[in-house]
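Single-letter residue listing:
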Amino acid sequence: MTATQPGDVNLETFLRSYPAYQGTRHLDRVRADDFRRLDEQGLIYLDYTGSGLPSRSQLRAYRRVMDNQIWGNPHSASVPSRRSTEAIRHARQATLRFVNADPDEYSVIFTANATGALRLVGESFPFQPGARLALLRDNHNSVLGIREYARAQGATTETIALRPDLRAELSAVVDALNRAGAAPSLFAYPAQSNFSGVQHPLEWISEAHARGWRVLLDAAAYAAISDLDLSRHKPDFVPLSYYKIFGWPTGLGCLIAKNEALAQLRRPWFSGGTVVASSALGGWHASALPPDNFEDGTPDFLGALGVSIGLDYVRQTLDRESVRTRVRCLTEFLLDEMSALRHSNGMPVCALYGPSETRGRGPTIAFNLLDTSGDIIDERMAEDRAVQHGIALRAGCFCNPGVGETIFELQPADLIRVGTMRAGLRTIDDYRRAIGLPTGGALRVSLGPVSSFEDILGFHRYLRSWRDHRTADHDLGALADRERC
């Protein structure tokens, strides 16, 4: 669709270009019923990659259950305890159904979040000399951090580069996978980038397995909109955060893991719930069998209630295919409008990162705003103005340094040099200046199940407010060293 001038875009003209959107209008009723607080508060919420939003129906269902039942610690035989045990079991089953996983093949381990699930894999994987860890440059810090466990155990680490469109060449991935280690090796990548929205091929899983690798597929961003079918694509480890899918509970995630892969892991410590028996005086412990030996302490049994309610809501109310159609239409329209928006002198207003089309990408757009000279406008200032426009978006590096290093074409020698200086660098702006970056991050908007055309119009008005902006020295002085990540 060709970008239009301010005031020319309305729903009728949009529908002529995107008729499939009409078939998703029932989601407007869902928004009016379950997410009315968005419109009541005049908020344009564009940070679904940061967190989903819980519906009123979910919260009401949870309140009803809590009001009418008594729940107890699941480690006893009382009625409240048995009720909690059943709630945990039901949440595990619901999670496996959500990703179409065979319960005889996969297990669900509850963690505090996706980061906790990733730490379980990192600390327990049998890294050793001769093992390898292959990481896509596009990875969240929580995945990137696994390299510290690998290095500490003598394994070799390798990072696979990205193209300028932030995808990876299949040949580069295969080349890395062809260098499988003599000891157990791990390939880790995101199903969907939390930075750019790029969806990396799930077919890489079988490519890695054919060469003897274990695969960790970070699905935290992917599962919010897209369906993961573990009967078709079978990674060994899949971390999830439930709140990114349906907004609440916020302190609960899980690791979905192949049982055969869990049997290969070795935990470096034990805790309550992970042992059959232990001795303080004898200095020994007998570990429980997988998956019990990976679930530290008492499970979040009240949170597990929210998991089942949230997954039921997603399945019964949101209609995932309609959601994907809706956000695809809105994302394509927004990409076209942002690409075409210009200052009066013809310079672009937006620098977009990642693919220019919606094929193989989720509804996440990363970008920077540019002034009339083509210089990047500090993303903190851009975020401040977004708040004034009633828009919730994200600014920073999104805990994904590899993509930032790619889009700004940073050189390894410069990054290594700065690494040797890091004891004297205390803020993100210290690092930015040392590396020579024009800015410390980007802006990100991401759409969700009840995003609307009106949301996009409001965001487009915000973008137009930057037309003919000239950056002044005092703009940056007011933002001194505010955190970005």
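Keep in mind that this is a model prediction, so the values were computed, not measured. Per-chain numbering applies: the sequence of each chain, read as written, is numbered from 1 onward. Local features in a predicted model are, by the rule used here, given only for residues with pLDDT of at least 70; side-chain atom pairs are given and counted only at 80 or more, and totals for whole chains, interfaces and linings are based on all residues. Just so you know, side-chain values use all the structure's heavy atoms and leave hydrogens and water out.

Enquirer: If you had to explain the pattern of salt bridges to someone new, which residues and values would you point to?
Expert: Here a salt bridge means any side-chain nitrogen of Lys or Arg lying within 4 Å of a carboxyl oxygen belonging to Asp or Glu. By the definition in use, this model includes 27 salt bridges. Of the charged contacts, one joins Arg214 and Asp236 as a salt bridge, the two residues approaching to 2.9 Å between their closest N and O atoms. Here Arg214, found in strand 6 (residues 214–218), pairs with Asp236, found in the loop between strand 6 and strand 7 (237–241); they are 22 residues apart in sequence, far enough to count as distant. No difference in accessibility class separates Arg214 from Asp236, as the two residues are buried. Overlapping salt bridges, with partners in common, bring together Asp227, Arg320, Glu321 and Arg324 in one network. Numbered from the N terminus, helices here are DSSP runs of H or I no shorter than four residues, and strands are runs of E no shorter than two. For every residue, the accessible area obtained with a 1.4 Å probe (protein chains only) is divided by the maximum for its type, and the residue is called buried under 20%, exposed over 50%, and partly exposed between those limits.

Enquirer: Tell me about unusual backbone geometry, residues and numbers included.
Expert: The omega torsion across Trp248 and Pro249 is 10°, close enough to zero to call that bond cis. For Pro249, the location among the structural elements is in the loop between helix 11 (243–246) and strand 8 (253–258). In this chain, Pro290 is followed by Pro291 through a cis amide linkage whose omega measures 5°. Relative to the helices and strands, Pro291 resides in the loop between strand 10 (285–287) and helix 13 (301–318). Here Asp319, not a glycine, exhibits a phi torsion of approximately 55°, which is positive. On the secondary structure map, Asp319 appears in the loop between helix 13 and helix 14 (320–340).

Enquirer: Give me the packing of helix 2 (residues 26–34) against helix 14: which residues, what numbers.
Expert: Think of each axis as a best-fit line through the C-alpha atoms, taken over the contacting stretch in the case of a helix, with angles from 0 to 180 degrees between the N-to-C directions. The geometry of helix 2 relative to helix 14 is characterised by a closest axis approach of 10 Å and an angle of 100° between their N-to-C directions. As far as their axial angle goes, helix 14 and helix 2 are roughly perpendicular. Here His26, Leu27 and Asp28 of helix 2 come into contact with helix 14, specifically with Ser322, Val323 and Arg326. Taken together, the residues of the contact of helix 2 with helix 14 break down into two nonpolar, two polar and two charged. Between 65 and 115 degrees an angle is taken as roughly perpendicular, under 35 as roughly parallel, over 145 as roughly antiparallel, and anywhere else as oblique. In this analysis, two residues are considered to be in contact whenever any of their non-hydrogen atoms come within 4.5 Å of each other. Just so you know the grouping, Ala, Val, Leu, Ile, Met, Phe, Trp, Tyr, Cys and Pro go in nonpolar, Asp, Glu, Lys and Arg go in charged, and all remaining residues, Gly too, go in polar.

Enquirer: Residue-level account of the packing of aromatic side chains, with values.
Expert: Each Phe, Tyr or Trp ring, with Trp reduced to its six-membered ring, pairs with another whose centre is within 6.5 Å; inter-plane angles below 30 degrees give stacked pairs, above 60 give edge-to-face pairs, and intermediate values give tilted ones. Per the counting criterion, the structure on display carries 18 aromatic pairs. A ring pair is formed by Phe367 and Phe459, whose centres lie 6.1 Å apart and whose planes are at 75°; its orientation type is edge-to-face. One end of the pair, Phe367, is in strand 12 (residues 364–369); the other, Phe459, is in helix 19 (residues 453–464), and 92 residues separate them in sequence. Phe367 gets classed as buried once you look at its relative accessible area, which sits at 0%. When its relative accessible area of 0% is taken as the criterion, Phe459 is described as buried. Through a chain of ring-to-ring contacts, three or more aromatic side chains come together here, namely Phe14, Tyr18, Tyr21, Phe333 and Phe453. Whether a charge sits over a ring comes down to the Lys NZ or Arg CZ being within 6 Å of the ring centre and within 35 degrees of the ring normal. Across the ring face of Trp466, the terminal group of Arg385 is positioned such that the distance to the ring centre comes to 3.6 Å.

Enquirer: Which residues make up the sheet that holds strand 12, and what values go with them?
Expert: Two strands pair if DSSP finds at least two bridges between them. Judged by pairing direction, the sheet is antiparallel, and its four strands sit side by side in the order 11-12-15-14 without closing on themselves. The open sheet terminates on both sides in strands that have one partner only, identified here as strand 11 (350–353) and strand 14 (394–396). Adjacent strand axes in the sheet meet at a mean angle of 30°, parallel and antiparallel pairs treated alike. Where strand 14 meets strand 15 (residues 442–446), three bridges bridge the pair, whose relative direction is antiparallel. Among the inter-strand pairings, Arg394 is bridged to a residue of strand 15, identified as Arg444. Running over the sheet, helix 14 touches strand 11, strand 12 and strand 15 and is turned about 15° from strand 12. Here helix 19 sits on the sheet in contact with strand 11, strand 12 and strand 15, set at roughly 20° to strand 12.

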